[in-house]
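Tertiary structure, described
What follows is the residue order along each chain.
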Amino acid sequence: MNRFHFLAVALLSTLTIFPVNAQPSFDTPLYGAAYYCEYTPTDRLDEDIRLMKEAGLTVVRVGESTWSLFEPQDGHFEFDWMDRILDRMYEAGIKVILGTPTYSIPAWMAAEHPEVMAHTWHGEDRKYGIRQNMDFYNPVYRSYCERIIRRMMEHFAKHPAVIGYQVDNELEARDVDNPDYSEGFRNFIKDEFDGSLKELNRRWGLNYWGMNINSWEEFYDRPGVTNPSYKLWWERWNRKATADFLNWQVDLVNEYKRPDQFVFHCFMPAFMNIDQVEAMKQMDYPSINVYYTMQDAQDGQAIAYACDFMRTVSKNRNFLITETNAQGTGWSSQGQYPPYDGQLRQNMYSFLSGGANMVEYWHWATLHYGQETYWRGILGHDGLPNRVYGEFAKGAHELEKIGPKLVNLKTHNKVAVLYSHDSYWGLQFMPYTDGDQYKVEKIHGILYRHNIECDIIPVDKMQDFSGYEVLVIPPLYVASDELLSKISEFVRGGGEVVMMYKSGYTDTDNAVRPVLAPGPLAEACGFTYQEYSSIPFLPLKSDVMDVAGNAASVWMEFLQVSTAMPLACAEHEFFGKWPCITENAYGKGHLIYAGTLPDDEMIAKLILRAVDRKGIAVEERSETFPVIFRSGTNDYGKTIRYIFNYSSEAREIDYPFTGGKSLLGGGRIKQHSKINIEPWGVVIVEE
């Protein structure tokens, strides 16, 4: 019997047919793991599938690392081994995501075409023996990519087990600087500046040190460059080049994939290296790999941070988790922190609470050899059911019952954190301190721990603030006049803004504005400044706010107020002459500005001052970390509330919301009733 005969009459039960370019709709969350039958010392495909079925696993991801098996010799293709896996998975009712294997090239390619190996702008020649060691811009490499993708799609696209495709894997530029890549950058700049070297020299300030470029042939390469504008545009090129490569792969896959299949790429949460908006524009699902420390360090924030970003770049669509911790992780046997009891299940629900439609672990079975021998999967080296397997099964069987009420969750947050790739890099090039320059994760963490749900908006591409009432802005060092004007208008129209130091200081070329700081923000901020200083820890004082015990450090701008009201000053005979935190009533709203780095408690006070004006998250803020609330609306129009206990002690809380049904425990939960949350536990309420 032809294994494809059923395709015409049955599509996969978990997917709904969807219009072209629309996101596929899931009927229940998918729960599974990456699976590599080809990695195991012995053939255990049937045993693995038996264990998967018993555990309730519904999806696996395969194939993204095995170009050398699909094409063991140049032009010789072997697909039977994967056919067997797909056939068995389909027979078992397990859905499959198939990866294009372009991030790990076969040895024959490196031997036959050494020009595809990456050379970095640090002077390193990458060698064979590790993945992602190639120049992804190289035309020879890309010709081989196109061939393997087309051959795989021709062979596998009609297989009914395959519900979607992952293009490449964790793509970043990784400091590539081969001649073709450098030439691509030069052409990118030439296009962006309409071929005008006069304009390029002016905007980048290349008169400095006599580094003017007088012909495009003189356009110098990245090594040795000190100019901040050049370096900023180089990072933009990295983001563009990677997005273009992914979209090119998506175009190839789209020529073959069925209407019920989706396509995506899995990103790492190092968001500064990728233009997610551009890279996602042709993908049906955003997807991300999220790793974090478990045991006593488990707090859920890394999960929330990833979810709050990915949900936003997809314009409040749902997303996939393609990799996350099962047990200990690492490229050595150090850092082995397997989950405490309850933590694996808790994290699965944490992802769903942020809008994930799939959670997959990396990976099903722990490897017996290779660099990631101790990056442990659901099963250990013995391949037998274990404690983690049992907890996976518990969560999977719960999803069998309540999954349809948790899938496709939508959020409608009133608070947004602005994220700027350009500001991240601009601050890296001209650091004001050691360590973290940008503070976006710190700000998100403060919101998270106070149960103020938020979205993270990458303002390099997304500048629509409609629907939000509060913006929290990390140092927006690099920004256009247009963006700063939109922020000012947001305040004028009644919005509340909490903004940090260095905002508005440079333009979109990372060149300092030749005006009184903060430039276009001056009217909305209600101050100007000319001086700034690095500072030690300084206590704060205030006639307006309770700042007892709070301090500022690292950086201070000498704010000269016009219409702004000082909120805090430094307790210091010199620095105390200027306010370091201000608030300006502007139009119908307010802009709070920290011209220094306050301690976390003080940042929280400033944020709470803004959200209190809008009456945001009043009930949620009845609790703080380790009790975390997350919420959204499901396909039935019902509010789903998650209550997490990120601690090793049971917690009793007064339930602050409208009553509803407990989806895990059964029964009703009334408003203001006492509920107990077990250690590392979760309560889910459907209002």
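This section reports on the structure supplied with the text.

**Structural notes on the sheet that holds strand S13 (residues 454–458)**
Taken together, the ten strands give an open sheet; going across it, the order is S13-S12-S14-S15-S22-S21-S20-S17-S18-S23, and neighbouring strands pair in mixed fashion. Here the strands that pair on one side only, and so sit at the sheet edges, are S13 and strand S23 (596–598). Neighbour-to-neighbour, the strand axes of this sheet turn through a mean angle of 25°, independent of strand direction. Both strand S17 (residues 532–541) and strand S20 (residues 565–570) contribute to a ladder of two bridges, which runs antiparallel. Each bridged residue has a counterpart across the sheet, and for Lys541 the counterpart in S20 is Cys569.

**Concerning the pairing of strand S6 (residues 162–166)**
By the criterion of burial, S6 is predominantly enclosed, with five of the five residues buried. Bridge count between strand S5 (residues 95–99) and S6: four bridges; the pairing is parallel. Note on S6: the bridge partner recorded for Leu98 is Tyr165. Inspection of the sheet shows S6 paired to strand S7 (residues 262–264) by three bridges, in the parallel sense. What sits directly across from Tyr165, in S7, is Val263.

**Examining the pairing of S13**
Most of S13 sits out of view: five of its five residues are buried. Taking every second residue as pointing to the same face, both faces of S13 are buried, with Cys454, Ile456 and Pro458 on one and Asp455 and Ile457 on the other. When strand S12 (residues 415–419) meets S13, the two strands line up parallel, connected through five bridges. By the bridge assignment for S13, Val415 is matched with Cys454.

**Some words on the sheet that holds strand S25 (residues 639–645)**
If you trace the five strands from one edge of the open sheet to the other, you get S24-S25-S30-S27-S28, paired in antiparallel fashion. Because the sheet does not close on itself, it has two edges, and the strands there are strand S24 (627–633) and strand S28 (668–669). Across the face of the sheet, helix H11 (residues 343–353) comes into contact with S24, S25 and strand S30 (682–686) while running at roughly 145° to S25.

**Here's the deal with the layout of surface pockets**
Once rolled over the atoms, a probe with the size of a water molecule shows which space is left empty. The space that makes up the largest pocket amounts to roughly 770 Å³. Residue lining of the largest pocket: 31 residues in total, with Tyr39, Tyr103, Arg131, Gln371 and Glu372 positioned closest to the centre. Its residues placed into classes, the lining of the largest pocket shows 16 nonpolar, nine polar and six charged. Here the second largest pocket is characterised by a volume of approximately 460 Å³.

**What to know about the nonpolar core**
Core analysis: the largest hydrophobic core is formed by 210 residues, its most contacted members being Tyr349 and Trp364. If you tally residues by element for this core, the top one is helix H8 (residues 228–254), at twelve residues. Beyond its immediate stretch of four places on either side in the chain, Tyr349 contacts Gly395, Glu398, Leu399, Ile402, Leu406, Tyr642, Phe644, Leu664, Val682 and Ile684.

**Examining the environment of Cys454**
In this structure, Cys454 sits in strand S13. Taking C-alpha positions, Cys454 is 4.8 Å from Val415, a pair spaced 39 residues apart along the chain. Excluding its chain neighbours within four sequence positions, the residues that come into contact with Cys454 are Asp308, Arg311, Asn413, Val415, Val417, His444 and Leu447.

**Side note on the pattern of salt bridges**
Under the counting rule described, the total for this entry stands at 46 salt bridges. Across the salt bridge formed by Asp46 and Arg88, the nearest N and O atoms sit 3.2 Å from each other. Of this pair, Asp46 sits in helix H1 (residues 45–55) while Arg88 sits in helix H3 (residues 80–92), placing them 42 residues apart in sequence. The class of Asp46 is partly exposed, set by a relative accessible area of 47%. You can call Arg88 partly exposed: its relative accessible area is 28%. We note a salt bridge from Glu398 to Arg345, for which the minimum N-O separation is 2.9 Å. A residue pair is termed long-range when its members are at least 10 positions apart, and Glu398 in helix H12 (residues 387–402) and Arg345 in helix H11 qualify at 53 residues. Arg345 carries the same exposure label as Glu398, and that label is buried. Within this structure, Asp308, Arg311, Glu453, Asp455 and Arg630 form a network of salt bridges that share partners.

**Some remarks on the packing of H11 against H12**
The N-to-C vectors of H11 and H12 enclose an angle of 40°; their axes lie 8 Å apart at closest approach. Taken together, the axis directions place H11 and H12 in an arrangement best described as oblique. Judged by the twist between their axes, the crossing of H11 over H12 is right-handed. Contacts from Gln343, Leu344, Arg345, Met348, Tyr349 and Leu352 in H11 reach Val388, Glu391, Phe392, Lys394, Gly395, Glu398, Leu399 and Ile402 in H12.

**Details of unusual backbone geometry**
The omega torsion across Ala517 and Pro518 is 5°, close enough to zero to call that bond cis. With respect to the helices, strands and loops of the structure, Pro518 is situated in the loop between strand S15 (496–500) and helix H16 (522–525). For the peptide bond that leads from Phe625 to Pro626, omega is 20°, which places it in the cis range. Mapped onto the elements of the fold, Pro626 is located in the loop between helix H17 (600–614) and S24.

Rules of the game
- Residues numbered from 1 in each chain as written.
- Predicted model: local features only at pLDDT ≥ 70, side-chain atom pairs only at ≥ 80, totals over all residues.
- Heavy atoms only, no water.
- Pairing = 2+ DSSP bridges.
- Helix = DSSP H or I, 4+ residues; strand = E, 2+ residues; numbered from the N terminus.
- Axes fitted to C-alpha atoms, helices over the stretch in contact; angles between N-to-C directions.
- Buried < 20%, exposed > 50% of the residue type's maximum accessible area, 1.4 Å probe, protein only.
- Contact = heavy atoms within 4.5 Å.
- 1 Å grid on protein atoms, 1.4 Å probe; cavity = no way out; pocket = protein on both sides within 12 Å on 5 of 7 lines; lining within 4 Å.
- Points joined across faces, edges and corners; volume = space filled by probe spheres on them.
- Nonpolar A, V, L, I, M, F, W, Y, C, P; charged D, E, K, R; others polar.
- Core = buried A, V, L, I, M, F, W, Y, C linked by side-chain atoms within 4.5 Å.
- Salt bridge = Lys/Arg side-chain N within 4 Å of Asp/Glu carboxyl O.
- Parallel < 35°, antiparallel > 145°, perpendicular 65-115°, else oblique.
- Left-handed = near helix turned anticlockwise from the far one by under 90°.

These results come straight from atomic positions and should not be treated as a statement about function.
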